[in-house]
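# Fold and geometry: a report
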Amino acid sequence: MNVLLIGSGGREHALAWALAKSPLIEALYAAPGNAGIDRVATSAGLDVADHAAVVAFCREKAIDLVVVGPEAPLVAGLADDLVAAGIRVFGPSTAAARLEGSKGFTKDLCAKYGIPTGAYGRFTDAASAAAYVRDKGAPIVVKADGLAAGKGVVVAMTEEQALDAVAACFEGSFGDAGAEVVIEAFLDGEEASFFAICDGKTALPLATAQDHKRVFDGDEGPNTGGMGAYSPAPVMSDALVARTMAEIIEPTLRGMADMGCPFTGILYAGLMITKDGPELIEYNVRFGDPECQALMMRLESDLLELLLAAADGKLEGKSVSWRNESALCVVVAAKGYPGSYEKGTEIRGLDAAASDPAVEIFHAGTKADGDRILANGGRVLGVTALGTTVAEAQKRAYRAVDAIDWPEGFCRRDIGWRAVERERG
Ligand code: AMP
Ligand code: GLY
């Protein structure tokens, strides 16, 4: 099989690493890639936004499957254009990617199919949004409807904060993404991420994870794309996984098929485990980054075989096997992230740091310069380790982090704290 992987983050390095292990793989290409991906895949040298060029490349290289990592190309219709050209793709159509691209779309789907989620309203003008906030009171959550790189959500503890957030959205703080605003009830509980692989009709549960979105230790500071993650999420018991499949994932899949936009790809449910059970906070239509890095370390099944089965509508009856161990990923970022940061500084000691067979160092924002590895983004590395407990995986990951020589980088020192505390009992 010849495979083209789209993306350039730590998530895509983990996917490339898992795909490269498949006995089915003949050639693995990647675009845009990074210095780590380029070690296991051949750079396709493609502009991913140029869908015609991607189609032409697939024809030239006889690509059997395109795997799309990030949401932006999906929302932009890359999967639709590949399918129209007769090329097999793993990832949803634009219409199905609305589950991530429009929070209002997802809330309406939940309302229509009885999927548990916070009560909400959708607004296209500031006055009625403000009236809704005053009527409901705080705490309350204000969200820009569209893709806002994780920055379009304000969890307002006071009415004033909520009104400020409404004003900011309609004043254009999030550009087009904020032209519509969703306001929803505050959900109280512990968060967990849940991943399912879908073929339009059938969903298979994959695994659970928890990530750390805030930049500083103790879950303080501004939100980021994710500073670390671990899998499984201890809060997600087998009973909660079964409820999530029955009450959230399966009705979503039926609803999407009903509405003429069947969902193929990864359904990533952001859940709040409330006292009444799992409720949906949001959907993403892809693997999480850095959750994917932890998941791929635990996956025993052949990833390529699974993605092919999903793309072909043949998931029914399949099962997925996982290592019993926990995996934990620590993101190493450039100092200044998620604000402004420097690019081009050299990272040393990566091979020594990865010498433990239970450790993999996935690259995110890196580029090669001859034999040197240079930082080329905000989140730069995902240092990932397996362990029989989260505490052991955490210890191994930080030992590897400490062996990396990159003075311009930083990481959180407490990834996994909630699970480690739970293990201590
Ligand atoms: P989202 O981008 O929708 O995942 O929201 C970002 C973060 O805001 C989530 O990870 C939650 O921590 C928080 N959040 C979003 N919606 C709610 C809600 N309804 N209740 C409580 N917290 C929320
Ligand atoms: N780690 C959060 C995300 O991928 O959206």
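Below is a short write-up of the structure. (Residues numbered from 1 in each chain as written. Chains lettered and ligands numbered in written order. Predicted model: local features only at pLDDT ≥ 70, side-chain atom pairs only at ≥ 80, totals over all residues. Heavy atoms only, no water.)

## Here we look at the site of ligand 1
In the vicinity of ligand 1, 14 residues are found, and the nearest of them are Glu-184, Ala-185, Leu-187, Glu-191 and Glu-282. Glu-184 is positioned with one of its side-chain polar atoms (N or O) 2.6 Å from a nitrogen atom of ligand 1. Here a nitrogen atom of ligand 1 and a backbone polar atom of Leu-187 are 2.8 Å apart. Of all the elements in the fold, those that place two or more residues in the shell around ligand 1 are strand E7 (140-144), strand E8 (153-156), strand E9 (181-185) and strand E16 (277-284). For the shell around ligand 1, the per-class residue count stands at eight nonpolar, no polar and six charged. (Near = heavy atom within 4 Å. Polar contact = N/O pair within 3.5 Å; in protein donor to acceptor, adjacent residues only side chain to side chain. Helix = DSSP H or I, 4+ residues; strand = E, 2+ residues; numbered from the N terminus. Nonpolar A, V, L, I, M, F, W, Y, C, P; charged D, E, K, R; others polar.)

## Digging into the site of ligand 2
Neighbouring residues of ligand 2: Asp-211, Gly-225, Tyr-268, Arg-286, Gly-288, Asp-289, Pro-290 and Glu-291. Between Asp-211 and ligand 2, the recorded distance is 2.9 Å, taken from a side-chain N or O atom to a nitrogen atom. Between ligand 2 and the protein, one listed contact pairs an oxygen atom with a side-chain N or O atom of Arg-286 at 3.0 Å. Summarising the interface, the protein chains cover 89% of the accessible area of ligand 2, which totals 200 Å² for the free molecule. (Areas by Shrake-Rupley, 256 points an atom, 1.4 Å probe, with all protein chains shown as cover.)

## Re the sheet that holds E9
Judged by pairing direction, the sheet is antiparallel, and its four strands sit side by side in the order E6-E9-E7-E8 without closing on themselves. The open sheet is flanked by strand E6 (120-123) and E8, the only strands paired with a single partner. Shown here is a sheet whose adjacent strand axes are inclined to one another by a mean of 15°, direction ignored. Sheet contacts for helix H7 (residues 103-113): E6, E7, E8 and E9; angle to E6, the most-contacted strand, approximately 140°. (Pairing = 2+ DSSP bridges. Axes fitted to C-alpha atoms, helices over the stretch in contact; angles between N-to-C directions. Contact = heavy atoms within 4.5 Å.)

## With respect to the environment of Leu-381
Tracing the backbone through its elements, the reader meets Leu-381 in strand E22 (residues 379-387). For the pair Leu-381 and Val-401, spaced 20 residues apart in sequence, the C-alpha to C-alpha distance is 9.5 Å. Non-local contacts of Leu-381, meaning those with residues more than four positions away in its chain, are made with Val-330, Val-331, Val-332, Ile-347, Leu-350, Ile-361, Phe-362, His-363, Ala-364, Thr-366 and Ile-404.

## Observations regarding empty space enclosed by the protein
Inspection of every chain in the model, using the stated rule, returns three cavities of 30 Å³ or more. As for the largest cavity, its lining consists of 14 residues, of which Val-68, Gly-69, Phe-90, Ile-266 and Phe-287 are closest to the centre. Among the secondary structure elements, those contributing two or more residues to the lining of the largest cavity are strand E4 (65-68) and strand E15 (264-274). (1 Å grid on protein atoms, 1.4 Å probe; cavity = no way out; pocket = protein on both sides within 12 Å on 5 of 7 lines; lining within 4 Å. Points joined across faces, edges and corners; volume = space filled by probe spheres on them.)

## Re the pairing of strand E20 (residues 366-369)
Regular strands place side chains that alternate from one sheet face to the opposite one. Bridge count for E20 against strand E21 (residues 372-375) is four bridges, and the pairing is antiparallel. Along E21, the bridge assignment pairs Asp-369 with Arg-372. In this structure, the hairpin formed by E20 and E21 is closed by a connection of two residues, where Gly-370 is found at a positive phi of approximately 65°.

## Quick word on the nonpolar core
One recurring pattern in soluble globular proteins is that nonpolar side chains are buried together. Core analysis: the largest hydrophobic core is formed by 52 residues, its most contacted members being Leu-4, Val-66 and Met-236. Looking at this core, the element that brings in the most residues is helix H10 (residues 238-258), giving seven residues. Excluding residues within four positions of it along the chain, Val-66 makes contact with Leu-4, Ile-6, Cys-58, Leu-82, Ile-87, Arg-88, Val-89 and Phe-90. Membership of the second largest hydrophobic core comes to 45 residues, among which are Phe-195, Phe-287, Leu-308 and Ala-327. (Core = buried A, V, L, I, M, F, W, Y, C linked by side-chain atoms within 4.5 Å. Buried < 20%, exposed > 50% of the residue type's maximum accessible area, 1.4 Å probe, protein only.)

## Remarks on helix H3 (residues 51-60)
Each α-helix turn comprises 3.6 residues. Residues three or four places apart therefore point the same way. When we look at burial in H3, the residues that qualify are His-51, Val-54, Val-55, Phe-57 and Cys-58. Within H3, the buried residues cover an arc of 160° as seen down the axis, which keeps them to one side. Opposite the buried face of H3, at more than 90 degrees from it, the exposed residues are Ala-52, Arg-59 and Glu-60. Immediately downstream of H3, the backbone of Ala-62 shows phi near 50°, a positive value. (Arc of directions from axis to C-beta.)

## Considerations on the environment of Val-383
As for its placement among the helices and strands, Val-383 is situated in strand E22. Separated by 51 residues in sequence, Val-383 and Val-332 place their C-alpha atoms 7.4 Å apart. With residues up to four places along the chain from it excluded, the contact list for Val-383 reads Leu-328, Cys-329, Val-330, Val-332, Val-359, Glu-360, Ile-361, Ala-397, Ala-400, Val-401 and Ile-404.

## Observations regarding the pattern of salt bridges
Within the structure shown, the criterion is met by 25 salt bridges. One salt bridge in this structure joins Arg-122 and Glu-180, with 2.5 Å as the shortest N-O distance. Within this pair, whereas Arg-122 is found in strand E6, its partner Glu-180 is found in the loop between helix H9 (159-170) and E9, the two being separated by 58 residues in sequence. Asp-414 is the salt-bridge partner of Arg-412, the closest N and O atoms lying 2.9 Å from each other. Comparing Arg-412 with Asp-414, the two get one shared label, buried. (Salt bridge = Lys/Arg side-chain N within 4 Å of Asp/Glu carboxyl O.)

## Details of the side chain of Ser-22
Relative to the assigned elements, Ser-22 resides in the loop between helix H1 (10-20) and strand E2 (27-32). When its relative accessible area of 5% is taken as the criterion, Ser-22 is described as buried. Within the local environment of Ser-22, its side chain forms a polar contact with the backbone nitrogen of Leu-24, the two atoms lying 3.0 Å apart. In this view, Ser-22 contacts Asp-302 and Leu-304; residues no more than four positions away in its chain are not counted.

These figures capture arrangement, not role.
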